[in-house]
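Spelled out, the chains give:
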Amino acid sequence: MGKIMVGKNRIQFTRRDELTVVEAYGKDCIRCRSTRNGKLSDESWTLLPAKEQTDCVITEEEGKATLTNGRISVTVEAGNVWCGGIITYYRDGKQILHTKFEGDYVTRTLHTEGDHYQTKIIFDANPGEHFYGLGQEQEDVFDRKGSTCNLLHYNTKSAVPVVYSSLGYGFFWNNPAPGRCETTKNHTMWVADSAYQADYFVYVGETPAEILQKYCELTGYAPAFPEWAAGFWQSKLRYESQDEVLRAAREYRERGIPLSVIVIDFFHWTEQGEWKFDPKYWPDPEGMCRELKEMGIQPVVSVWPTINPKSENWEEMNERNLLVRTENGQYGTFDFYGQQTFIDVTHPETGPFVWDKIKKNYYDMGFTNFWLDEAEPEVHPQQYSNLKLYAGNGAQTAMLYPYYYNKLFYDGLKKEGEEEIILLTRAAYPGIQKFGALVWNGDIPSKFEALRMSVKTGLSMAMSGIPWWNSDIGGFHSGDIETDYFKELIVRWMQFGLFCPVMRLHGSRLRTQGQVERHPGIIEPSGGDNEIWSFGDENYEILKELILLREKLRPYICRYMEIASKEGKPIMRPMFFDYYEDEVCYTLEDQYMFGEDILFAPVTEQGQRERRVYLPKGRWQDVNTGSVSDGQCFIDCHVPLEKFAAFVKEGSPVAEVFGL
């Protein structure tokens, strides 16, 4: 049956092959750890210390004990010889989670190695419950109820193992091992494929905003958002030389189009793992950086964590064990212009070594903003148990990589006294938001389906505690800029980008007939043109107006980004975030609030010219017609290509931005 013991703010349960402790962790929050080993690990991973501790109330009865911490309580029952260790969580006295018997309560079905086991936590399914979060991937799902999610990273997927439940609680799975989450009709199950212990948090609040704020207390808040980053970002695959970068920047200025950022993508370097400009194509990067900033344009430069023996840094990093190694076989974990491996960002000496190179070759030339690509990292095949990191075997620690990759650059920039830090990155993990991570959803196709999925992706990331998010406007690959399909797609995606935390045009467009080959033989030549004048005269006027509108929205955007930094509330938020008492809002996956005053319903289907929109409680003004409608109803909007469906709260000052 097992034995229950109580201590200050904690309950301990033991039985054969199991040690479980539930304890208070800050206000309205409970932490549970369970292991097959003889003692618990105090490893916190990316978890922050509890900001405050409240004295809890613990009551005991025959065979069970209950811990109450504010609005949340947990009961641990010893059970009987058939099923022991029953754990039940309550919010304001109402049951929200109850462990389910499926062979065992903390089921370890496979011993992996040493003190590590496949570990599962299983709960009964709650009818009518909705789940949101779990990071991002390319799928047509926002409400996670009835689905499964593999907890691992790859290009287009970031596993952020946290969910918000419509029953008024949050759940954070504090295990960086690859695994799985099932929020299905028969159970809710969290799996770590190889872990020392199960470790998770349950926390409650009155509103979705309160619950997300509690998650930020556990993992951190985004820093202050740079004002310049709220404007329009220009990017492409890729500008092959500094002349091309300056030519594009100058033309934006000559056309009177405000440009906040221009991005210098990959393979501007001499070799992977050298982190410096190739002087053949970039003879004066310091002068280029200076001219861009004089035009009011911030350059962002791409850095990869890949390295191979051709790099001048290979020998030293390899001998000092600063690289991700393999348990078996040679170094290669990624084949891209030769076998590559990755720097081991979890090693405490890697950060100072790499930052020294970045400082000399980029920062000292004026570059203060970086694009951290390949941040998952992208290993092939995904045999995590073959990865050897300072933090441990990849089977237990692989999901930490993007966190420490961003931390490396954030710490380096902070050391230099930088305060406005933004790092464009392709993968995420809990806590990465506190390092200025601007996450995007990877190399997605140039299709309307991908646009539709990106709306849900952005909302999922918002509910995963990642307030800085964006997508490649137009999609990343296979876009043919000469087709009517793409010309329609780029407008609809640009409209979506207007109402994203960051508005960034990027993509590897198909090369066009007669495209000039400026640098024959160069590694990774550029794709087709991707500036806003590249998609036809009619589109140009539409896209220009959207950029001008974004410029007017910058004060509004910065105000809500400041709120995100202080309170954890994202600017891009699902409808139920503010209207959590409206059941309809939990069913809406293709419209959202942009701050409290703007409602946006993107068009995500080819040829679509009508859009059905739900207006929640209140009175709402159509940005196209100026008409005002009462809420709590659906309305139909006419949206020709040059228009989008958006509404502002009646009387909101932001109405002036739309000429109302």
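Just so we're clear, the structure is a prediction, and the values are computed from it rather than from any experiment.

### Describing the overall build of the protein
Counting secondary structure elements, the protein contains 11 helices and 43 strands. For 660 residues, the compact-globule formula gives about 26 Å, and the C-alpha radius of gyration of the protein, at 25 Å, lands near that figure. With the C-alpha coordinates of the protein rotated into their principal frame, the extents come out at 80 × 70 × 40 Å. By the burial criterion, 64% of the 660 residues in the protein qualify as buried. Once local pairs closer than 6 in sequence are excluded, the contacts in the protein between residues at least 24 apart make up 70%. For the protein, the exposed surface amounts to about 24000 Å²; the carbon and sulfur share of it is 46%. Averaging the positions of the 70 positive and the 96 negative side-chain charges in the protein gives two centres separated by 2 Å.

### Focus: the pairing of strand β14 (residues 147-151)
Burial along β14 is one-sided: the residues S147, C149 and L151 are buried and none of T148 and N150 is. The sheet contact formed by β14 and strand β17 (residues 179-183) spans 5 bridges and is antiparallel. In the strand pairing of β17, N150 is matched with R180.

### Notes on the sheet that holds strand β15 (residues 162-165)
Where strands meet in a sheet, backbone hydrogen bonds hold them as pairs that are either parallel or antiparallel. Pairing is antiparallel in the open sheet, where 8 strands are placed in the order β1-β2-β3-β4-β19-β16-β15-β13. Looking at the sheet topology across the chains shown, the edges are occupied by β1 (3-7) and β13 (131-133). Taking each pair of neighbouring strands and ignoring which way they run, the sheet shows an average axis angle of 20°. Here β15 pairs with strand β16 (residues 169-173) via 4 bridges, running antiparallel. Across the sheet, S165 pairs through a bridge with Y169, a residue of β16. Most of the contacts of helix α1 (residues 208-219) go to strand β19 (residues 197-204), to which it runs at about 140°, and overall it touches β4 (29-35), β15, β16 and β19.

### Describing the sheet that holds strand β43 (residues 645-649)
Sheet architecture is open: 6 strands sit in the order β36-β37-β38-β43-β40-β41, paired in antiparallel fashion. The sheet is open, and its two edges are formed by β36 (572-574) and β41 (628-630), each paired on a single side. Averaged over neighbouring strand pairs, the angle between their axes works out to 35° when direction is ignored. Direction of pairing for strand β38 (residues 598-601) relative to β43: antiparallel, over a ladder of 4 bridges. Paired with A601 across the bridge in β43 is A645. Against the sheet, helix α10 (residues 537-567) engages β36, β37 (592-594) and β38, with an angle of about 95° to β37.

### Looking at the pattern of salt bridges
Counted by the stated rule, this structure contains 46 salt bridges. Of the charged contacts in the structure, one is a salt bridge between K214 and D28, with a shortest N-O distance of 3.6 Å. Pair noted here: K214 is in helix α1 and D28 is in the loop between β3 (18-24) and β4, with a separation of 186 residues, a long-range link. In terms of burial, K214 and D28 fall into one category: buried. Its salt-bridge partner being R71, residue D92 comes within 2.5 Å of it at the nearest N-O pair. Here D92 is found in the loop between β8 (86-91) and β9 (94-98), whereas its partner R71 is found in the loop between β6 (64-69) and β7 (72-77), with 21 residues between them in sequence.

### A word on the nonpolar core
Among the nonpolar cores identified, the biggest contains 216 residues, and Y89, F370, F499 and F658 are the most heavily contacted of them. With 12 residues, the single largest contributor to this core is α10. For F658, the residues in contact, after removing those within four places along its chain, are F499, L549, L553, I598, V623, F644 and V648.

### Some points on the packing of aromatic side chains
Between two aromatic rings, the relevant description is the distance of the centres plus the angle of the planes. Tallied over the full model, the rule gives 60 aromatic pairs. Ring centres 5.0 Å apart and planes at 75° place the aromatic pair F225 and W468 in the edge-to-face group. Here F225 is found in the loop between α1 and β20 (232-234), whereas its partner W468 is found in the loop between α8 (448-462) and β32 (469-470), with 243 residues between them in sequence. Given a relative accessible area of 1%, W468 falls into the buried group. Taking the centre distance of 6.1 Å and the plane angle of 70° together, the rings of Y362 and F370 count as edge-to-face. Classification of Y362 as buried rests on a relative accessible area of 0%. The ring of Y540 carries the charged tip of R255 above its face, separated from the ring centre by 5.0 Å. Against the face of F435 rests K434, its NZ or CZ located 5.1 Å from the ring centre.

### Structural notes on α8
It helps to recall that an α-helix has 3.6 residues per turn; residues three or four apart then point in one direction. Given a rise of 1.5 Å per residue, 15 residues ought to cover 21 Å, and the 22 Å separating the end C-alpha atoms of α8 matches this to within 8%. Burial runs high along α8: 14 of the 15 residues are buried.

### Brief notes about the state of the cysteines
In protein chemistry, a disulfide is the covalent bond that joins the sulfur atoms of two cysteines. As enumerated under the stated definition, the model contains 0 disulfides in all. Considering cysteine sulfurs only, C29 is the nearest to C216, which forms no disulfide, with 13 Å between them. Unpaired in this structure, C585 has its nearest cysteine sulfur neighbour in C633, at a distance of 12 Å. Looking at C585, the relative accessible area reads 0%, which means it is buried.

### Re unusual backbone geometry
Cis geometry is adopted by the peptide bond preceding R238, which originates at L237 and carries an omega value of -20°. Secondary-structure assignment places R238 in the loop between β20 and α2 (242-254). Residues E376 and P377 are joined by a peptide bond in cis, for which omega reads -5°. Position of P377 relative to the elements: it lies in the loop between β27 (370-372) and β28 (387-389).

### Section: the packing of α2 against helix α3 (residues 285-294)
Two elements in contact, α2 and α3, have axes separated by 11 Å at closest approach and are oriented at 10°. Relative to α3, the element α2 is oriented roughly parallel. Between α2 and α3, the residues in contact are Q242, V245, L246, A249 and R250 and P285, M288, E291 and L292, respectively. A per-class count over the contact of α2 with α3 returns 6 nonpolar, 1 polar and 2 charged.

About the thresholds
- Residues numbered from 1 in each chain as written.
- Predicted model: local features only at pLDDT ≥ 70, side-chain atom pairs only at ≥ 80, totals over all residues.
- Heavy atoms only, no water.
- Helix = DSSP H or I, 4+ residues; strand = E, 2+ residues; numbered from the N terminus.
- Rg over C-alpha atoms; globule rule 2.2 N^0.38 Å.
- Buried < 20%, exposed > 50% of the residue type's maximum accessible area, 1.4 Å probe, protein only.
- Contact = heavy atoms within 4.5 Å.
- Areas by Shrake-Rupley, 256 points an atom, 1.4 Å probe, with all protein chains shown as cover.
- Lys, Arg positive; Asp, Glu negative; His and termini not counted.
- Charge placed at Lys NZ, Arg CZ, Asp CG, Glu CD.
- Pairing = 2+ DSSP bridges.
- Axes fitted to C-alpha atoms, helices over the stretch in contact; angles between N-to-C directions.
- Salt bridge = Lys/Arg side-chain N within 4 Å of Asp/Glu carboxyl O.
- Core = buried A, V, L, I, M, F, W, Y, C linked by side-chain atoms within 4.5 Å.
- Phe/Tyr/Trp six-rings, centres within 6.5 Å; stacked < 30°, edge-to-face > 60°.
- Lys NZ or Arg CZ within 6 Å of the ring centre and 35° of its normal.
- Expected span 1.5 Å × (residues − 1).
- Disulfide = S-S within 2.5 Å.
- Parallel < 35°, antiparallel > 145°, perpendicular 65-115°, else oblique.
- Nonpolar A, V, L, I, M, F, W, Y, C, P; charged D, E, K, R; others polar.

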